[in-house]
Amino acid sequence: MAKDLRTYLESLEKAFPEEIKRVKKAVDGGAYEASALLEALDRQGCYPAVLFEKLVDLSGRQTDFRLMMNAHSSVKSMAFSLGAPEANRLGAMNAFNAGAARPLPVQEIPNTAAPVMELCRRGAEADLTRLPIPRMNDMDGGPYLTPAIAARDPENGRYNVSWNRAMFIDRNHMGLWMSPRHLWSVFSRAEKAGKNLPIAIVAGHHPAFFLGGAALTKLDKDEYEAVGGVLGESLRVTPSAAYGRELMIPADAEIVIEGEIVADRRTIEGPFGEFTQYTGPQRLSWLVEVKAICARRDGVILNIFGGHQENLYAHLP
């Protein structure tokens, strides 16, 4: 069985039941209710991963989609996600470095065998308001995802995976912040050629997938392969709904938003609660136009709790 968020949750609950809490009462994450509960836990010095199982989406409708936050707030759970024999910071670092140094080739599977293709909405039906995207901190510019962004370099076919925050704007647009690193470099070259850059916004997967996306790989190395090394098995990928084999997406993800960073367009994004526990400023950032949303029917958004301990600990790589 491939590693995904569900296999991780099952194994974590067996090994360290205190590291995961399930909330079965109705929660409106877009009205700060999820983050209010996490804030209350934070003030008590408690940092379990929290899975919200009954939510409303951004349009106020009940949804089968779920939300998990604080998955990276504990060194013990992070070390466990990386397969470290020692549940401490050194064990986590050693496991991460060893995995990142042993990249594994991806395994391609057809759409029919990919769990993320269970539900697929394209074009006008790809509506972000059908997702329970949370608001986290008081001054945030809107509901935010803290996903891993996967993009294929059109020049060499290399895949880049990076953590980037994405702010909800409307049903098919998001504001994306990029630091001047690999994704920014790939998009800048595409924009110079007058082209949009297709991306996969991976909103939920095994926690090690996200940590693997933060590996400091060289520009000529494929980060899907680096993620496989950190996971300890080849990452399974499948052709995207909107772009086919031009953009391969993680087959075992919970939710993937397919779209493109638009050339020669910018949008207002932020403010955003940063890992420093200060609010970062509103910025002129990049615009994403959504083309498709693929997901498991009860897919889980895995979000970083911005401006809190999880935001700091997730910088482990």
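Residues numbered from 1 in each chain as written. Predicted model: local features only at pLDDT ≥ 70, side-chain atom pairs only at ≥ 80, totals over all residues. Heavy atoms only, no water.

**A closer look at the packing of aromatic side chains**
Under the counting rule described, the total for this entry stands at 7 aromatic pairs. Considering the side-chain rings of Tyr-8 and Phe-80, the 6.2 Å spacing of their centres and the 50° angle between planes classify their relative orientation as tilted. On the criterion of sequence distance, the pair formed by Tyr-8 in helix 1 (residues 5-15) and Phe-80 in helix 3 (residues 75-81) is long-range, its members being 72 residues apart. Given the relative accessible area of 2%, Tyr-8 is considered buried. Chaining the aromatic ring pairs together yields one cluster made of Tyr-8, Phe-16 and Phe-80. Taking NZ or CZ as reference, Arg-89 lies 5.1 Å from the ring centre of Tyr-313, over its face. (Phe/Tyr/Trp six-rings, centres within 6.5 Å; stacked < 30°, edge-to-face > 60°. Helix = DSSP H or I, 4+ residues; strand = E, 2+ residues; numbered from the N terminus. Buried < 20%, exposed > 50% of the residue type's maximum accessible area, 1.4 Å probe, protein only. Lys NZ or Arg CZ within 6 Å of the ring centre and 35° of its normal.)

**A word on the environment of Thr-146**
On the secondary structure map, Thr-146 appears in the loop between strand 8 (144-145) and strand 9 (148-152). Using a relative accessible area of 7% as the deciding quantity, one classes Thr-146 as buried. The spatial distance from the C-alpha of Thr-146 to the C-alpha of Ile-133 is 9.9 Å, given a sequence separation of 13 residues. Setting aside residues up to four positions removed in sequence, Thr-146 forms contacts with Met-136, Trp-163, Asn-164, Arg-165, Phe-210, Phe-272, Leu-302, Asn-303 and Ile-304. (Contact = heavy atoms within 4.5 Å.)

**Brief notes about the sheet that holds strand 15 (residues 244-250)**
The strands making up a sheet are joined through hydrogen bonds of the backbone, oriented either antiparallel or parallel. Strand order in this open sheet of 3 strands is 6-14-15, and the pairing throughout is mixed. In this open sheet, the two strands that pair with only one neighbour each are strand 6 (107-108) and strand 15. Alignment of strand 6 against strand 14 (residues 236-240), held across 2 bridges, turns out to be parallel. In the strand pairing of strand 14, Gln-107 is matched with Arg-236. (Pairing = 2+ DSSP bridges.)

**Here we look at the sheet that holds strand 1 (residues 20-23)**
Strand order in the open sheet formed by 4 strands is 1-2-5-20, and the pairing between neighbours is mixed. In this open sheet, the two strands that pair with only one neighbour each are strand 1 and strand 20 (300-303). Each strand axis lies, on average, 20° off the axis of its neighbour in the sheet, ignoring direction. In terms of strand pairing, strand 5 (residues 66-69) meets strand 20 through 4 bridges, oriented parallel. Residue pairing in the sheet places Arg-66 in a bridge with Val-300 of strand 20. Relative to the sheet, helix 1 contacts strand 1, strand 2 (49-52), strand 5 and strand 20, its axis offset from that of strand 1 by approximately 115°. Packed on one face of the sheet, helix 2 (residues 33-43) meets strand 1, strand 2 and strand 5 and runs near 155° to strand 2. (Axes fitted to C-alpha atoms, helices over the stretch in contact; angles between N-to-C directions.)

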